[in-house]
Amino acid sequence: MRIYLVRGETLAVTRRTIAADAPPATAALDALLRGPVTSDGGMITAIPAGTRAHGVSVVGGTATADLTRTFESGGGSLSMRNRIAEVVYTLTQFPTVQRVAFRIDGTPVTAIGGEGLIVDPPRTRADFTDALPNILVETPTVGSLVVPPLVVQGMSDVFEAVVQFRVRDAHGAELVHQRAMATAGTGTWGTFSTTLRFSPTTTTGTLEVYAISMKDGSEIDKQIVPLTFFVRS
């Protein structure tokens, strides 16, 4: 499953493996609270160390995350925004969850931390698009083992909704390059999904997802995802 951490000042996506019989929302939140690992490629978390979950319940499309009070400690408005966004995006990856409510040590809260970020009514992904880069690649995640064809999915807000995709091998050689349309763009968030067909020539490589600047034709808002390729012997 995916968890949402932070790279720079915006959200980034990585993955974790959980037991098949684990409650998905609870397992995802617990994985998020354990924080980044080396394979996440330098991602960090805005959630304070030591934060724990008392539990997660899902009723009628709302996941209620009950966290220890450490979750509210330290940090300014950017940190508070990102830590709440990490929880909201991690839990709303599941089709049964559209919004997230918060409790602190069992007590429902309307705002989080000294900055007083509002969390009531329950928050949705749309409430935290300001925490996203202009292109967010959700699939594949960093270090994924890829057996082509490669399905690439995510969210974007780029000019005229045109998203560019490129796969390179370990030597930088281009294996495939194509473009696809997101469901919205030019000031409106949309989603994208495309399938890339190529033949790996090395065991590692990168996926590049980006937009083209209408000003000078340069590649902008680029997200680079390191990948491992399955190469048939």
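Residues numbered from 1 in each chain as written. Predicted model: local features only at pLDDT ≥ 70, side-chain atom pairs only at ≥ 80, totals over all residues. Heavy atoms only, no water.

Novice: Now, about empty space enclosed by the protein: what can you tell me, with residues and values included?
Specialist: Using the criterion set out here, one finds 1 cavity of 30 Å³ or more in the structure. The space that makes up the largest cavity amounts to roughly 130 Å³. If you go around the largest cavity, you meet 14 residues; those closest to its centre are R7, V13, V137, Q223 and V225. Elements supplying a minimum of two residues to the lining of the largest cavity: strand 2 (10-15), strand 9 (135-139) and strand 16 (219-229). (1 Å grid on protein atoms, 1.4 Å probe; cavity = no way out; pocket = protein on both sides within 12 Å on 5 of 7 lines; lining within 4 Å. Points joined across faces, edges and corners; volume = space filled by probe spheres on them. Helix = DSSP H or I, 4+ residues; strand = E, 2+ residues; numbered from the N terminus.)

Novice: Describe in detail the pairing of strand 12 (residues 162-169), supporting the description with residues and values.
Specialist: With 7 of 8 residues buried, strand 12 lies mostly within the body of the structure. Across 7 bridges, strand 12 lies against strand 13 (residues 174-181) in antiparallel orientation. Paired with R166 across the strands is H177, a residue of strand 13. Relative to strand 15 (residues 204-212), strand 12 runs antiparallel, the two being bridged by 6 bridges. Pairing of F165 across the sheet is with V209, part of strand 15. (Buried < 20%, exposed > 50% of the residue type's maximum accessible area, 1.4 Å probe, protein only. Pairing = 2+ DSSP bridges.)

Novice: Residues and numbers for the pairing of strand 2, please.
Specialist: Pairing analysis gives 6 bridges linking strand 1 (residues 2-7) to strand 2, with the strands arranged antiparallel. In the sheet register, I3 faces strand 2, and the bridge partner there is T14. With antiparallel pairing between neighbouring strands as the criterion, strand 1 and strand 2 make up a hairpin whose turn holds 2 residues, including G8 at a positive phi of roughly 70°.

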